Structures are given as C-alpha cells and as structure tokens.
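# A look at the structure
As a plain string of letters, each chain reads:
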Amino acid sequence: VAVLVGTQVSGRIETIKADFNSVVKKGQVVATIEPSLFQAAVAQSRANYRAAKASADKANAQELDAERQYKRAETLGEQKRVAQVDIDTAEANYNIARAGVAAAEAGVQQASASLNQALVSLKYTTITSPIDGVVISRSIDVGQTVAASLSAPTLFTIAQDLTKMQVDTSVAEGDVGKIQPGMAVTFMVDAYPGQRFRGSVRQVRDAATTVQNVVTYDAVIDVDNQKRLLKPGMTATVTFTAAARDDVL
C-alpha cells in the first residue's frame, strides 16, 4: 500500500528530511515549508483576538453602566422626580449596550476562529509521514515552491510495507469467471529470469477496464516479499492455477 504525502499550504520548501529509500516512522518530519508568512499571520490574528477581547470588556462595562443608569431612572421615576422621557432614554441606552455586548462577543468568536485557522496553517508547514514505511518517491527539492491552491501537490510517496506486496493483473472477461479468492498463483518478473514467485488471489474487482474493445478485470494477488526482491512498479507475467491433480495418468 502506497500513501501520497502532500501539502495543504503553499510556500517554498525549506528543508527535506527524507529521501528515496528512507525508512520513516509515523509522525516523523519529512519536509518543512518556510514559515515566515504563516508566523506573521498568526501574530496578526493573535493581535486581532486581543483587540476583540478588549472591545468585549469595554462593551460589558458600558452595559453595566447603562443598566445602573436605567435602574436609577426607574427609581426616580417611581418618585416622580424625572420625566418619563428620561426613563425611556435610559432604557434605550441599556438595550443598545446589551446589543453591543452581543456584537463584541461575536467579534471575539470570529477573531478566535481566525487565530485557530492561522495556527493550523502554520502547523501545516511541517510535513510529517502519516504511516510507518519506506519513501519510494520524492517529487520536490529544497527551494522549490509548491502551490496548494487547487489540489494538494504530491511531495512524497511512501510504501507502507514492502515485505507484503500486491500484483494487479489484467484478466480477460472470458477467463475472469474461473478466478476465485484464495486461488494459487505463480508469476515471473524480468528482473529474475527463470525464478517463479508465488501468491494467492485476494479479490477480483468488479470494475472493468476497456482498451480497444477488449474488456479486462483486475485480480489482486497477495505476495510475500520478505526477501525484498520485488520492487514497486515491476511488470509480472502471471499464471493462475485453476485446478491441479497429483499422481494421475
């Protein structure tokens, strides 16, 4: 199984810490993107968050003051010492102050979300391996600029376990009905002429491939590669054993 490792942010590759055939562990740093712009964005977002918090504190203080003014006006109104218009004005100011608190709290939440987004983007400048495995492909160099505007560009391809591999075959539609999971298989590769490798069918995939009106199906074969002789991408010539009988004429 191979995993494509990409980047979710754009920038210039600052360091590369893994190369072809490097053995990596899950969570290990394999590359970094120059983080200055993202650090600046975090600093700006943090300042905006602090400003929003200060605005919220100010709005809360104004609400308390408006509430006291309104209660005082109500008390004086009961004593017939102020006009009703003054009470109405104090009430309106209190309601406006309450709305200001709600707006300020929303501003704090928005600033907090922006700060979290900036922190996540900064975190993405450190690219780590998602699995334990071996690097079989590296597509970037130090100083290269990668763009993640439309889709995540592939930086590394990491094979999870080269001691267990699979062969993807093309079986003609006339023969696919004879292929069953667990069926024994032998195959040869050009790198080792005359040497036969063994495996077994894991599944026959239902998706068909049509090339020049020839329909084939992918029969996936599991192969034990403990000796690490087989490498990804090799071409195999496969023989399926549909039936076998021993000690017969």
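Residues numbered from 1 in each chain as written. Predicted model: local features only at pLDDT ≥ 70, side-chain atom pairs only at ≥ 80, totals over all residues. Heavy atoms only, no water.

### Remarks on the overall build of the chain
Regarding its fold elements, the chain presents two helices and 14 strands. Computed over the C-alpha atoms, the radius of gyration of the chain is 34 Å, more than 25% above the 18 Å expected from 2.2 N^0.38 for a compact globule of 249 residues. If one aligns the C-alpha atoms of the chain with their principal axes, the spans along those axes are about 125 × 45 × 35 Å. The buried share of the chain, taken over its 249 residues, is 29%. The contacts in the chain between residues at least 6 apart in sequence include a share of 71% that link residues at least 24 apart. Of the roughly 16000 Å² that the chain leaves accessible, carbon and sulfur atoms contribute 50%. Charged side chains of the chain number 26 positive and 26 negative; the gap between the two group centres comes to 6 Å. (Helix = DSSP H or I, 4+ residues; strand = E, 2+ residues; numbered from the N terminus. Rg over C-alpha atoms; globule rule 2.2 N^0.38 Å. Buried < 20%, exposed > 50% of the residue type's maximum accessible area, 1.4 Å probe, protein only. Contact = heavy atoms within 4.5 Å. Areas by Shrake-Rupley, 256 points an atom, 1.4 Å probe, with all protein chains shown as cover. Lys, Arg positive; Asp, Glu negative; His and termini not counted. Charge placed at Lys NZ, Arg CZ, Asp CG, Glu CD.)

### Here's the deal with the sheet that holds strand β5 (residues 126-128)
Pairing within the open sheet is antiparallel, and its four strands lie in the order β5-β4-β2-β7. On the outer flanks of this sheet lie β5 and β7 (145-146), each paired with one strand and no other. Note: strand β2 (residues 11-16) against strand β4 (residues 29-33), three bridges, orientation antiparallel. The residue of β4 that forms the bridge with Thr 15 is Thr 32. (Pairing = 2+ DSSP bridges.)

### Description of the pairing of strand β11 (residues 184-189)
Strand direction decides the pairing type here: β11 and strand β12 (residues 197-211), joined by four bridges, are antiparallel. Paired with Phe 187 across the bridge in β12 is Phe 197. Sheet topology places β11 next to strand β14 (residues 236-240); five bridges connect them, and they run antiparallel. Its bridge partner lying in β14, Val 185 is registered against Phe 240.

### Looking at the environment of Ser 55
With respect to the helices and strands, Ser 55 occurs in helix α1 (residues 36-78). For Ser 55, a relative accessible area of 42% puts it in the partly exposed group. Measuring from C-alpha to C-alpha, the distance between Ser 55 and Val 108 comes to 8.5 Å, with 53 residues separating the pair along the chain.

### Focus: the sheet that holds strand β1 (residues 2-6)
The antiparallel open sheet is built from four strands, whose spatial order is β1-β8-β6-β3. Both edges of this open sheet fall to β1 and β3 (23-24), since each of them pairs with a single strand only. Relative to strand β6 (residues 133-138), β3 runs antiparallel, the two being bridged by two bridges. Bridge pairing links Val 23 to Val 134 in β6.

### Topic: the packing of α1 against helix α2 (residues 84-123)
It is at 7 Å that the axes of α1 and α2 come closest, and there the two elements cross at 165 degrees. If you check the angle between α1 and α2, you find them roughly antiparallel. Between α1 and α2 lies a crossing of left-handed hand. The class makeup of the residues in the contact of α1 with α2 is 22 nonpolar, 14 polar and eight charged. (Axes fitted to C-alpha atoms, helices over the stretch in contact; angles between N-to-C directions. Parallel < 35°, antiparallel > 145°, perpendicular 65-115°, else oblique. Left-handed = near helix turned anticlockwise from the far one by under 90°. Nonpolar A, V, L, I, M, F, W, Y, C, P; charged D, E, K, R; others polar.)

### A look at the pairing of β2
Here β2 pairs with β7 via two bridges, running antiparallel. For Gly 11, the partnering residue across the bridge sits in β7 and is Val 146.

### What about the nonpolar core?
If you look at soluble globular proteins, the nonpolar side chains tend to sit buried side by side. Judged by nonpolar contacts, the single largest core of 17 residues is most densely connected at Ile 127, Phe 156 and Ile 158. Elements that contribute at least two residues to this core include exactly β4 and β8 (154-159). Look past the residues within four positions of Ile 127 in its chain and what remains in contact with it is Val 5, Gly 6, Thr 7, Gln 28, Val 29, Val 30, Ala 31, Ile 33 and Leu 155. Met 183, Val 201, Val 223 and Leu 230 belong to the second largest nonpolar core, which has 15 residues in total. (Core = buried A, V, L, I, M, F, W, Y, C linked by side-chain atoms within 4.5 Å.)

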